[in-house]
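Chain and residue survey
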Amino acid sequence: MEIEFVVQTGALFKGLPHGRPMPDQLSALGESGWVDREEATSLSEALAFQQQLQQIERIAVDGSLNPETLGAELRNVLVRSAKVDTFEDLAARLQSHQADAAEICARLVDTETS
């Protein structure tokens, strides 16, 4: 995952201990100033959301999750898990998290490699 890669990169740059959970590492990176605290929260939320969906995917689907071929019951499980009203809301929330995370990650990596 892009977020995990960036968090590990930040931990290396800041000399943070290894092996901590990603939310703890993101919080430490926010405290160190490597990432804005608001951005750290945004990344943590995006990571948690994606991991939650991935856990269902790993149990329920052989291979990659394809929204076009999902049955109604699996869609309902995903919607309930995401605490949204519809599958379309879930897709929009996922897209928003991914876009926010990609923007933050691109900025952080570009800053460190410039």
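Residues numbered from 1 in each chain as written. Predicted model: local features only at pLDDT ≥ 70, side-chain atom pairs only at ≥ 80, totals over all residues. Heavy atoms only, no water.

By the element assignment, Gln-25 lies in helix α2 (residues 22-32). A residue is classified by how much of its surface remains accessible, and Gln-25, at 5% relative accessible area, is buried. At 2.9 Å, the side chain of Gln-25 and the backbone oxygen of Pro-17 are in polar contact. At 2.9 Å, the side chain of Gln-25 and the side chain of Arg-20 are in polar contact. (Helix = DSSP H or I, 4+ residues; strand = E, 2+ residues; numbered from the N terminus. Buried < 20%, exposed > 50% of the residue type's maximum accessible area, 1.4 Å probe, protein only. Polar contact = N/O pair within 3.5 Å; in protein donor to acceptor, adjacent residues only side chain to side chain.)

Moving on, we come to the environment of Ala-106. Along the polypeptide, Ala-106 turns up in helix α5 (residues 87-113). Each C-alpha atom, one on Ala-106 and one on Asp-24, is 21 Å from the other, the two residues being 82 residues apart in sequence.

Turning next to the environment of Leu-70. Summarising the element assignment, Leu-70 is placed in the loop between α3 (37-60) and α4 (72-82). Ignoring any residue separated from it by four or fewer positions in sequence, one finds Leu-70 in contact with Leu-65, Arg-75, Leu-78 and Phe-87. (Contact = heavy atoms within 4.5 Å.)

It is worth spelling out the layout of surface pockets at this point. If you add up the space inside the largest pocket, you get close to 370 Å³. Looking at the lining of the largest pocket, the elements with two or more residues in it are α1 (2-14), α3 and α5. For the lining of the largest pocket, the element with the highest residue contribution is α5, accounting for seven residues. Of the residues in the lining of the largest pocket, the class split is twelve nonpolar, four polar and two charged. (1 Å grid on protein atoms, 1.4 Å probe; cavity = no way out; pocket = protein on both sides within 12 Å on 5 of 7 lines; lining within 4 Å. Points joined across faces, edges and corners; volume = space filled by probe spheres on them. Nonpolar A, V, L, I, M, F, W, Y, C, P; charged D, E, K, R; others polar.)

Moving on: the side chain of Glu-39. Along the polypeptide, Glu-39 turns up in helix α3. You can call Glu-39 buried: its relative accessible area is 18%. At a separation of 2.3 Å, a polar atom in the side chain of Glu-39 contacts the side chain of Arg-107. Discounting residues that sit within four places of it in the chain, Glu-39 has contacts with Ile-104 and Arg-107.

This paragraph deals with α4. Along α4, the positions that sit buried rather than exposed are Leu-74, Leu-78, Val-79, Ser-81 and Ala-82. The buried residues of α4 all sit within an arc of 165° when viewed along its axis, so they share a single face. Away from its buried face by more than 90 degrees, α4 exposes Ala-72, Glu-73 and Arg-80. Taken from the residues just after α4, Lys-83 is the one with a positive phi, measuring 60°. (Arc of directions from axis to C-beta.)

As far as function goes, none of this settles anything; it's purely spatial.
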